[in-house]
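What the coordinates show
So you can see what is in the structure, the chains are spelled out below.
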Amino acid sequence: MLSKFFETAFDRIGDWNPQLLRELKGRWKILPILLAIGLSLCGQMLLWVGTAYDNMPGKEYQYQGSYCELRQENEQKFKQLNTEYQQLQDQFFRVSSKENFDAVKVQELRSKIETVKSERSQIEVFSVSNKICPSDRINWQKWKQDNYRNIFIRLSTIGLFALIIGGGYLISHDTIKEKQRGTLNFVRMSPQSAASILTGKLIGVPILVYIFVGLTIPFQVYSSQVAQIYGFALLTFDTVSIAAVLCFYCLSLMLSLIDRSFKSILPWFSSGLLFIFLSCSWYWAGSQSNGVRGTAGMWGLLLSPFCHLQYLTHQANEFDYVKDHFLYKFKVFGISAGTHQADLALVMLSSYILWIYWLWKASIRSFQMPDSPLLTKSQSYLAVCCYEIG
């Protein structure tokens, strides 16, 4: 029954895109698929256990810990007592002056001031002497929210690295291998359009990576809801991520089509550069003081989906952080790109669409005419105009 379903599905895929069917048939094998499924499910379980174990409050959770409600209550009470103490002091100075002297009120205020000072001292002594937070005063709801926020960040990070680096490597490696074997020239002579052939490669070659990452989507959605990253925010992030993956896939495809020197080294070289870029952008995007300078550097950083991931998770929890973030001050046509995560998503998507368009055009032209320039003269002028406007 299942084999008949797949046979029917493959027939329909073949009718729509023969190249995609060719790529899938070469990779749709039981052992690699089971391996991708097993790695994904085991990885998610290890991530869930490891993240929870990493920051779960234990029996001897510190009083100064961020999840100790008692410490937070005492700090709030201490602030209120300080305010009350200041107000009582002002009243005391007023009623003890020669013009407004009132012996009864002076005595009454002295008593209140001593009471407030005593309560403040008790809180200070308690805070110094108590090292352990009582287990019934730990804010487990906040811990759960922060825990799943960390899971969401780590899961999204692993998924993006797997898609961009792993998928990009597979596309580049497959294209180089076909060029070396001469099968790419054979594919060029088929009646399929260049767009259809390259689309089949982009979808079919990284199919195992898609399975690996696709199985993490339910866990990603659940963790985002617990972390209070709700529907629209998650949708915009996933849309930006898909656009980023497509952009880097087009880049890997174009480089492998035009390569004349690196040959078999190119997949490793390009994947290494992507790893460095993503790692640096992950660090820079999470910091308020950005290490990148200049408009070109900022646009380069905005090509990384981690820019949106870090900003999104911080905006959901720390608005003061976001107001001080460098993206909050980055303006596109006079509009701040970081005022809201939807504005940032719109700017990033616009950038990705432009890059995808020109990389796709260059890939098709390179596939059809390997010895010709990547773009025609008119396309080159238009590409320069787009860059200047950006």
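Residues numbered from 1 in each chain as written. Predicted model: local features only at pLDDT ≥ 70, side-chain atom pairs only at ≥ 80, totals over all residues. Heavy atoms only, no water.

**Looking at the overall build of the protein chain**
Per the secondary structure count, the protein chain includes 18 helices and 2 strands. For the protein chain, the proportion of its 390 residues judged to be buried stands at 43%. Summed over its atoms, the accessible surface of the protein chain is roughly 21900 Å², and 64% of this surface lies on carbon and sulfur atoms. (Helix = DSSP H or I, 4+ residues; strand = E, 2+ residues; numbered from the N terminus. Buried < 20%, exposed > 50% of the residue type's maximum accessible area, 1.4 Å probe, protein only. Areas by Shrake-Rupley, 256 points an atom, 1.4 Å probe, with all protein chains shown as cover.)

**What about the pattern of salt bridges?**
Overall, the coordinates contain 8 salt bridges when judged by the stated rule. For R22, the salt bridge is made with E23, and the minimal N-O distance between the two is 3.7 Å. Owing to a relative accessible area of 2%, E23 belongs among the buried residues under this scheme. Two residues, E178 and R22, come together in a salt bridge whose shortest N-O distance is 3.0 Å. Of this pair, E178 sits in helix α6 (residues 140-181) while R22 sits in helix α2 (residues 18-27), and the two are 156 residues apart along the sequence. A relative accessible area of 39% means that R22 is categorised as partly exposed. Ionic contacts of the salt-bridge type, sharing partners, join the residues R22, E23, R27, D174, E178 and K201 into one network. (Salt bridge = Lys/Arg side-chain N within 4 Å of Asp/Glu carboxyl O.)

**Concerning unusual backbone geometry**
Excluding glycine, a negative phi dihedral is what most residues carry, and trans is how most peptide bonds are arranged. For Q228, which is not a glycine, the phi torsion comes out positive at approximately 65°. Looking at the secondary structure, you find Q228 in the loop between α10 (217-226) and α11 (231-258). Looking at Q228, the relative accessible area reads 39%, which means it is partly exposed.

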